[in-house]
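The primary structure of each chain is shown beneath.
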2 protein chains.
Amino acid sequence: MNSTISRSSHIRDALARLPAGDQTAAAAWAAREPQLTKPAGSLGRLEDIAAWLSTWQGRHPPRLQHPRARIFAGNHGVAALGVSAFPAEVTVQMVGNFQAGGAAINQLCRAFDMELDVVALDLDHPTADFTQGPALSESEFVAAFVAGMDSVPAETDVLVVGEMGIGNTTSAAAVACGLFGGEATDWTGRGTGVEGGALARKIEVVAAGVALHRDQPPLEILRRLGGRELAAMAGAVLAARQRRVPVLLDGYVTTAAVAALALEMPGALDHCMVGHVSVEPGHRRLIDKLGKSALLDLGMRLGEGSGAAVAVGLLRAAVACHTGMATFATAGVTDKG
Amino acid sequence: MNSTISRSSHIRDALARLPAGDQTAAAAWAAREPQLTKPAGSLGRLEDIAAWLSTWQGRHPPRLQHPRARIFAGNHGVAALGVSAFPAEVTVQMVGNFQAGGAAINQLCRAFDMELDVVALDLDHPTADFTQGPALSESEFVAAFVAGMDSVPAETDVLVVGEMGIGNTTSAAAVACGLFGGEATDWTGRGTGVEGGALARKIEVVAAGVALHRDQPPLEILRRLGGRELAAMAGAVLAARQRRVPVLLDGYVTTAAVAALALEMPGALDHCMVGHVSVEPGHRRLIDKLGKSALLDLGMRLGEGSGAAVAVGLLRAAVACHTGMATFATAGVTDKG
């Protein structure tokens with residue numbers, strides 16, 4: 001249990017004291033990169049990734065010996081309103097599937113040699129229906145946030161953050177709309193696959209929630225419209241920053257959850273890259289609002305950290321090239337005139 | 001030496017007898033995929049990749065035990081016209097760098113556990129200047145094509161095809177313009193980094209070559225405006241199809257080279273995916289003309305198979321998910337109603 005955070009105001013205090021990136025490590029990256037045997041800039045975003053890992057790990061060369069994925073699961077009161085294509089019991093069933101090694105994220109972590117931990121957050125107690133009141137009490141919100149913080153070991157080279165929770169794209173849409181404004185239709189998509197009347201119902205639920213909780217500060221939006229796994233992801237991302245751990249964000253729910261941090265404190269997500277852009281239309285909009293650009297665009301919409309996990313392959317490629325390539329001098333290759 | 005191909009007409013004969021994809025393997029993929037514990041379609045292009053590997057490997061489940069990269073190197077007469085930011089001797093120097101393990105492609109093959117072979121094609125004899133006559137004689141063209149064919153072992157689960165050759169984005173632009181029409185400016189980019197007067201000169205060279213060799217059939221365009229590494233890549237891609245090996249294409253030069261096959265025989269590239277879209281503006285245009293869509297868009301422009309090699313990470317993810325995930329039935333997860 002993180003002893004320094006026992007109420008929301010402590011989160012704001014922590015956001016005011018975030019460590020900056022390591023400019024010495026960034027400079028070491030910048031000194032080596034132009035010496036490598038390739039035209040300057042020709043590895044594109046792989047070069048950016050190596051720079052970002054150096055800067056936020058605070059060391060050069062960057063390392064990927066301990067990549068870790070943290071998947072947070074929660075249940076949602078709004079699931080009872082018919083906003084999902086799947087019943088609410090699927091959340092706990094999928095946690096069992098994660099624990100047994102059968103889900104997509106298990107295969108991806110194995111493929112990219114990444115440790116995985118699943119944090120189930122009080123699944124027997126769904127959040128309250130946010131169309132009637134706040135989804136979480138102050139103490140529930142802080143407890144989930146701290147559970148997220150506590151899930152991040154200091155010895156982590158990159159953290160993949162993802163989630164599972166039937167009904168949580170409804171929460172994500174409400175949080176995003178509450179944080180950035182616009183209409184519920186701008187932010188609400190099909191999630192696991194709702195259509196027709198169920199999609200219309202989902203939009204109504206989002207609009208009702210946003211109407212009830214409008215004009216609140218960002219962390220209050222997250223508490224009132226979010227859920228335990230959203231609060232935990234925000235906590236994990238804050239803790240990662242404190243512990244010099246770069247973060248790969250996953251899809252719509254993850255990005256909506258951590259957006260609250262950026263609105264509370266500009267730059268709070270500078271240590272994060274967005275692993276992929278989801279099919280969920282609000283995700284692209286959200287990434288734009290945060291001034292970021294996703295690494296992958298593969299038409300994925302699964303959640304559970306899967307898109308970010310695939311992007312770990314890009315990080316492995318980036319680190320391999322930056323650290324392993326020969327220089328023009330050592331390889332005897334003539335540089336550009 | 002491939003004994004069945006000794007002149008260009010034999011290539012056309014082979015293109016007329018290409019094997020189709022394996023519909024039994026495709027059906028086995030389609031039977032398993034909807035049973036996996038995720039919403040239908042939620043892994044996006046990872047699902048397509050698994051289907052494509054099954055179809056073109058001709059087996060289900062698909063495998064990635066023997067991924068192989070083949071990098072072809074050639075020298076170009078037009079390099080003497082000042083079309084590149086690097087001098088022509090860099091081609092042989094970079095082949096030495098590949099052999100010593102110092103280039104980007106070496107690190108990427110190591111990162112994704114892929115075998116690499118570099119095929120240097122008569123580097124002491126650059127092609128002829130295509131603004132004055134055909135780049136290659138018929139016998140030179142066929143020899144390079146066959147060298148490409150001979151580089152593909154039957155026991156290959158996916159083939160990454162790439163190249164190295166100072167001056168070869170000029171050849172690629174000329175081939176693409178010769179195959180698809182339009183202006184030289186539509187197809188000519190900065191390559192390794194030419195600017196200003198050198199870029200204008202490059203465009204003039206492309207325009208002059210296309211004007212001299214216009215209205216030729218596709219393989220003749222490739223012989224007259226291409227180069228040995230381009231011919232070899234086309235040969236490797238044809239041989240891969242014959243041997244049931246799916247192919248990941250790399251950047252602009254690779255795609256231009258193999259486009260000639262698709263224009264000779266529609267469907268000749270159905271066993272190929274495009275690993276990434278390069279910064280070189282002609283590449284996106286070429287991918288569109290071929291009716292394909294790149295897997296990655298990372299601002300890369302290095303060649304040497306590097307973009308396609310990064311995409312092997314996506315293939316590993318796709319195979320891991322399709323083959324390793326639990327089904328709704330075995331995991332006890334409730335499917336969508």
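Coordinates for the structure precede this section.
Per-chain numbering applies: the sequence of each chain, read as written, is numbered from 1 onward. Written order determines the labels here, with chains lettered from A and ligands numbered from 1. Only residues with pLDDT of at least 70 are given local features in this predicted model, and only at 80 or more are side-chain atom pairs given and counted; all residues enter the totals for whole chains, interfaces and linings. The side-chain numbers reported here are obtained from all heavy atoms of the structure, hydrogens and water having been left aside.

### Some details on the pairing of strand β3 (residues 158-164) of chain A
Residue and element names in this part refer to chain A. Each residue is placed in one exposure class: buried if its accessible area under a 1.4 Å probe, protein chains only, is under 20% of its type's maximum, exposed if it is over 50%, and partly exposed if it falls in between. Elements are defined by DSSP. Helices are runs of H or I of four residues or more, strands are runs of E of two residues or more, and each kind is numbered from the N terminus. With 7 of 7 residues buried, β3 is to be regarded as a mostly interior element. Burial along β3 is two-sided: the residues Val158, Val160, Gly162 and Met164 and Leu159, Val161 and Glu163 are all buried. Two strands pair under a simple rule: DSSP has to find at least two bridges between them. In terms of strand pairing, strand β1 (residues 67-73) meets β3 through 7 bridges, oriented parallel. Following the sheet pairing, Arg68 is matched in β3 by Leu159. Judged from the 3 bridges that link them, β3 and strand β4 (residues 247-249) form a sheet pairing that is parallel. Within β4, the position partnered with Val160 by the bridge is Leu248.

### Side note on the relation of the copies chain B and chain A
You can overlay chain B on chain A at an RMSD of 0.0 Å; the transform is a turn of 180° with a shift of 0.0 Å along its axis. In the structure described here, the two chain copies are related by an operation that fits a two-fold rotation axis. Residues of chain B ranked by C-alpha distance from the rotation axis are headed by Gly313 of chain B, positioned 2.7 Å from it. Comparing interface residues between copies, 100% of those in chain B also lie at the interface in chain A; the contact surface is shared. Least-squares fitting of one copy onto the other uses the C-alpha atoms of those residues that reach a pLDDT of at least 70 in both copies. Should any heavy atoms of two residues lie within 4.5 Å, those residues are counted as being in contact.

### Describing the pattern of salt bridges
Residue and element names in this part refer to chain B. When a carboxyl oxygen of Asp or Glu is within 4 Å of a side-chain nitrogen of Lys or Arg, the pair counts as a salt bridge. Tallied over the full model, the rule gives 24 salt bridges over all chains. As a salt-bridge pair, Glu33 and Lys38 come within 2.8 Å of each other at their nearest N and O atoms. Glu33 sits in the buried class, given a relative accessible area of 6%. Residue Asp122 pairs with Arg228 through a salt bridge whose shortest N-O separation is 3.7 Å. Separated by 106 residues along the polypeptide, Asp122 in the loop between β2 (115-120) and α6 (138-150) and Arg228 in helix α11 (residues 228-242) bring together distant segments of the chain.

### Some points on the environment of Gly313 of chain B
Residue placement: Gly313 of chain B occurs in helix α14 (residues 306-324). Placed 137 residues apart in sequence, Gly313 of chain B and Ala176 of chain B show a C-alpha to C-alpha distance of 29 Å. Ignoring anything within four residues of it in the chain, the contact list for Gly313 of chain B reads Phe112 of chain A together with Phe112 of chain B.

### Here we look at the layout of surface pockets
Both cavities and pockets are sets of points on a 1 Å grid over the protein atoms alone; in a cavity a 1.4 Å probe fits but cannot get out, in a pocket the set is open with protein on both sides within 12 Å along at least five of seven lines, and lining residues sit with an atom within 4 Å of a point. Grid points are joined across faces, edges and corners, and a volume is the space filled by probe spheres set on the points. Approximately 420 Å³ is the volume attributed to the largest pocket. Along the wall of the largest pocket there are 21 residues; nearest its centre are Asp297 of chain A together with Val277, Arg284, Leu296 and Asp297 of chain B. Breaking the lining of the largest pocket down by element, the ones donating at least two residues are α13 (281-289) of chain A together with α13 (281-289) of chain B. Side-chain classes are defined by residue name, with Ala, Val, Leu, Ile, Met, Phe, Trp, Tyr, Cys and Pro counting as nonpolar, Asp, Glu, Lys and Arg as charged, and the others, Gly among them, as polar. Classifying every residue of the lining of the largest pocket gives 10 nonpolar, 2 polar and 9 charged. Considering only enclosed or pocket space, the second largest pocket measures out at about 220 Å³ in volume. As for the second largest pocket, its lining consists of 13 residues, of which Cys177, Gly181, Gly182, Val210 and Arg214 of chain B are closest to the centre. The dominant element in the lining of the second largest pocket, judged by the number of residues it contributes, is helix α9 (residues 196-212) of chain B, at 3 residues. A breakdown of the residues in the lining of the second largest pocket according to their chemical character gives 5 nonpolar, 5 polar and 3 charged.

### So, the environment of Gly196 of chain B
Here Gly196 of chain B lies in helix α9. When the C-alpha atoms of Gly196 of chain B and His76 of chain B are compared, they prove to be 22 Å apart, with 120 residues separating the residues in sequence.

### Comments concerning the sheet that holds strand β3 (residues 158-164) of chain B
All names here are of chain B. Overall, parallel pairing links the 5 strands, which are arranged β2-β1-β3-β4-β5 in an open sheet. In this open sheet, the two strands that pair with only one neighbour each are β2 and β5 (272-274). Each strand of the sheet is rotated relative to its neighbour by a mean of 25°, with strand direction disregarded. Sheet analysis places strand β4 (residues 247-249) next to β5, joined by 3 bridges and oriented parallel. Residue pairing in the sheet places Leu249 in a bridge with Val274 of β5. In this description, a line fitted to the C-alpha atoms serves as the axis of each element, helices being fitted only across the stretch in contact, and the angle between N-to-C directions of two axes falls anywhere from 0 to 180 degrees. Along the sheet, α14 contacts β1 (67-73), β3 and β4; its crossing angle with β4, the most-contacted strand, is approximately 135°.

### Re the interface of chain B and chain A
Facing the 52 residues of chain B at the interface are 52 residues of chain A. By definition, the buried area sums, over both parts, the 1.4 Å-probe accessible area that each loses when the two are put together. Summed over both partners, the interface of chain B with chain A comes to about 4000 Å²; 68% of that surface belongs to carbon and sulfur atoms. Counting the surface chain B buries against chain A, the share from its top three residues, Phe86, Leu298 and Lys336 of chain B, is 14%. Taken together, chain B and chain A are joined by 0 salt bridges. Polar contacts, as counted here, are pairs of nitrogen or oxygen atoms within 3.5 Å of one another; within protein the pair requires one atom able to donate a hydrogen and one able to accept it, and residues that are adjacent in sequence qualify only if both atoms are side-chain atoms. Counting across the chain B and chain A interface gives 13 residue pairs in polar contact (both at pLDDT 80 or more). Contributions of two or more residues to the side of chain B that touches chain A are made by α3 (45-57), α4 (90-100), α5 (104-111), α14 and α15 (328-331) of chain B.

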